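Spelled out, the chains give:
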Amino acid sequence: PSSVDNNSDLRSLDLATSQLEHALKVNKSQWWPTIMASYNFQYQTMGMNKMALKEYELFPVSNVGVSLSIPIFDGGARVHKDKQLQIQLDEQKDRRESLRQTLKMQILSSLDNIKKTLDKFESDKEGLRQAEKGMQIAQKRYEVGAGVYLDLTNSELAYIQAGLQYNQYRDWE
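Quick notes on the rules
- Residues numbered from 1 in each chain as written.
- Predicted model: local features only at pLDDT ≥ 70, side-chain atom pairs only at ≥ 80, totals over all residues.
- Heavy atoms only, no water.
- Helix = DSSP H or I, 4+ residues; strand = E, 2+ residues; numbered from the N terminus.
- Salt bridge = Lys/Arg side-chain N within 4 Å of Asp/Glu carboxyl O.
- Buried < 20%, exposed > 50% of the residue type's maximum accessible area, 1.4 Å probe, protein only.
- Phe/Tyr/Trp six-rings, centres within 6.5 Å; stacked < 30°, edge-to-face > 60°.
- Lys NZ or Arg CZ within 6 Å of the ring centre and 35° of its normal.
- Contact = heavy atoms within 4.5 Å.
- Core = buried A, V, L, I, M, F, W, Y, C linked by side-chain atoms within 4.5 Å.
- pLDDT = per-residue confidence, 0-100.
- Expected span 1.5 Å × (residues − 1).

Right, let's talk about the overall build of the protein chain for a bit. The helix and strand inventory of the protein chain stands at three helices and two strands. Written out in order from the N terminus, the α and β elements of the protein chain read α-β-β-α-α.

Right, here's the structure in full:
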């Protein structure tokens, strides 16, 4: 009947799921080879006399390096972490579906309660109408001598009770 996809709890679970998916991608990227390059440039000096600063000669020195790292074995830590993240991701999806079903059931239950209340309102309205009709009949019977006073008071009591029952819901009309 109603969409629950905009529920804040579902949206927060969706965000947590996307974070887990991203963490799984990052963890899987650790299987890829990496390459690293470095460069270093500096001046060095070799002075003979430490007291005579003018006698220092500066020699430029530079280093260039390239490193390739290929992950081969890590004791199963990456595999274990992948499985762990996948399990968490599956649990998160199950949690979301469970919450979604719970919210739908709550909506259906609320709609059912509203329907029952409206039906009760209509029933009470009809009960009031019937009690009024019964009271009028009892009054006529009492006036012509075909009924007793006890029937008249019982019908008035039934009318009052039906009115009280109806007035609980009258503000909805």
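Under the definition given, this model contains six salt bridges. Salt-bridge contacts for R100 lead to E97; the nearest nitrogen and oxygen are separated by 3.4 Å. Of this pair, R100 and E97 both sit in helix 2 (residues 77–144), three residues apart, which is roughly one turn of the helix. Looking at E97, the relative accessible area reads 36%, which means it is partly exposed.

Evaluated as defined, the whole model comprises two aromatic pairs. A centroid spacing of 5.6 Å and a plane angle of 20 degrees characterise the contact between F121 and Y166, whose relative ring orientation is stacked. On the criterion of sequence distance, the pair formed by F121 in helix 2 and Y166 in helix 3 (residues 149–167) is long-range, its members being 45 residues apart. Y166 shares its class with F121; the two are buried. We note R78 situated over the ring of W31; from NZ or CZ to the ring centre the distance is 4.6 Å.

Moving on, we come to the side chain of T17. Secondary-structure assignment places T17 in helix 1 (residues 8–29). With relative accessibility at 9%, the residue T17 sits in the buried group. Those residues in contact with T17 that lie beyond four places of it in its chain are L89, Q92 and K93.

F121, L128, A131, A162 and Y166 together form the largest nonpolar core, which totals five residues. Secondary-structure elements contributing two or more residues to this core are helix 2 and helix 3. For this core, the element with the most residues is helix 2, which contributes three residues.

Another point: the confidence of the model for the protein chain. Caution applies to low-pLDDT parts of the model: their predicted coordinates are not meant to be read in detail. Of all residues in the protein chain, 88% attain a pLDDT of 70 or more, and the chain-wide mean is 86. No element of the protein chain has a lower mean pLDDT than strand 1 (residues 34–45), at 86, and none a higher one than helix 2, at 92.

The next point concerns helix 2. Here helix 2 contains 68 residues, and its C-alpha end-to-end distance of 99 Å stays within 8% of the 100 Å for a straight helix at 1.5 Å per residue. Looking only at helix 2, the buried set comprises R78, D82, L85, L89, Q92, L103, F121, D124, L128, A131, M135 and A138. Residues of helix 2 that are buried in the fold lie against helix 1 and helix 3. Remark: G145 follows helix 2 within two positions and exhibits a positive phi of approximately 90 degrees.

Of note, Y39 is situated in strand 1. Take Y39: its relative accessible area is 58%, and that puts it in the exposed class. The spatial distance from the C-alpha of Y39 to the C-alpha of G65 is 6.3 Å, given a sequence separation of 26 residues.

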